[in-house]
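# Inside the fold
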Amino acid sequence: MKKNILIYDDDAEILFLCKTILSKYDFNVETLSRCDDVLSDIIKYNPNFILMDLWIPEMGGEKAVKLIKENDATKHISVFLFSANADIQEICKKVNANGYIEKPFDLKAFVNVIESHVQ
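The present account deals with the structure reproduced in this document. What you see is a predicted model; the values in this text were computed from it and never measured.

What follows deals with the packing of helix α1 (residues 12-23) against helix α5 (residues 107-117). Axis angle and axis distance: for two packed helices, these are the angle between their axes and the distance between the axes, and together they describe the pair. As a packed pair, α1 and α5 sit with axes 11 Å apart at the nearest point and diverge in direction by 65°. With respect to each other, α1 and α5 are oriented roughly perpendicular. For the pair α1 and α5, the sense of crossing is right-handed. Two secondary-structure elements touch here, α1 through C18, I21 and L22 and α5 through L107, F110, V111 and I114. Among the residues making up the contact of α1 with α5, the classes are represented as seven nonpolar, no polar and no charged.

What follows is the structure, given as structure tokens:
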């Protein structure tokens with residue numbers, strides 16, 4: 001059965017690139033440019049893995065990840081932050097994300113991280 005990946009980023013080119021790459025690895029990929037309804041999005045798309053841009057509009061990735069990880073119904077989902085922020089490692093720990101992928105990213109490493117963390 002295909003695994004579902006939900007990607008949040010406000011950069012349309014990043015979303016297109018990620019979806020194109022991951023679709024080739026037999027994942028169902030949904031992309032969104034805003035995270036203000038993150039819990040509703042999770043109910044709708046039932047993701048096995050979430051990739052969250054740190055600087056996404058409205059509430060921001062940091063707050064969105066906290067909401068996911070503090071909710072009993074969603075805290076089991078692997079959530080990775082996705083950013084060029086120099087403090088990404090500390091932010092990841094602070095919000096209890098499962099990990100992070102730094103931008104810019106190596107395509108092979110990107111796919112390997114996701115494949116190894118999809119539940």
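This is not the end of the story, as more comes after the structure.
Take α5 next. Helical geometry: 3.6 residues make up each α-helical turn, so side chains three or four residues apart lie on a common side. Residues of α5 that are buried include every one of F110, V111 and I114, and no others. The arc that holds every buried residue of α5, seen down its axis, measures 90°, which confines them to one face. Across from the buried face of α5, at angles greater than 90 degrees, the exposed residues are K108 and S116. On the buried face of α5, the contacting elements are β1 (4-8), α1, β3 (49-53), β4 (78-83) and β5 (99-102). Capping of α5 at its N-terminal end is provided by D106; its side-chain oxygen lies 3.3 Å from the backbone amide nitrogen of K108.

Summed over the entire model, instances satisfying the criterion amount to four aromatic pairs. Ring centres of F82 and F110 lie 6.1 Å apart, and the angle between their planes is 35°; this geometry places the pair in the tilted category. Here F82 is found in strand β4, whereas its partner F110 is found in helix α5, with 28 residues between them in sequence. Overall, F82 belongs to the buried group, its relative accessible area being 0%. Using a relative accessible area of 1% as the deciding quantity, one classes F110 as buried.

Calculation rules
Chains are numbered independently. Their residues run from 1 in the order of the written sequence. Residues qualify for local features only when their pLDDT is at least 70, as the model is predicted, and side-chain atom pairs are given and counted only at 80 or more; totals for whole chains, interfaces and linings, by contrast, use all residues. The side-chain numbers reported here are obtained from all heavy atoms of the structure, hydrogens and water having been left aside. For helices, the axis comes from a line fit to the C-alpha atoms of the stretch in contact; other axes are also lines fit to C-alpha atoms, and the angle between any two N-to-C directions lies between 0 and 180 degrees. Each helix is a run of H or I in the DSSP string that is no shorter than four residues. Each strand is a run of E no shorter than two, and both are numbered from the N terminus. Between 65 and 115 degrees an angle is taken as roughly perpendicular, under 35 as roughly parallel, over 145 as roughly antiparallel, and anywhere else as oblique. Less than a right angle of anticlockwise turn of the near helix away from the far helix marks a crossing as left-handed, whereas a clockwise turn marks it as right-handed. When checking whether two residues touch, look at their non-hydrogen atoms; a contact exists if any pair is within 4.5 Å. All residues other than Ala, Val, Leu, Ile, Met, Phe, Trp, Tyr, Cys, Pro, Asp, Glu, Lys and Arg, Gly among them, are scored as polar; the first ten of these are nonpolar and the last four charged. Summary of the burial criterion: residues with accessible area below 20% of their type's maximum are buried, those above 50% are exposed, and those between are partly exposed, where the area comes from a 1.4 Å probe applied to protein chains only. Each C-beta atom gives one direction from the helix axis, and the arc is the one those directions make. Here a polar contact means two N or O atoms within 3.5 Å. Within protein one must be a hydrogen donor candidate and the other an acceptor candidate, and residues neighboring in sequence count only if both atoms are side-chain atoms. Aromatic pairing here means that ring centres of Phe, Tyr or Trp (its six-membered ring) are within 6.5 Å. Orientation follows from the plane angle: under 30 degrees is stacked, over 60 is edge-to-face, and everything else is tilted.

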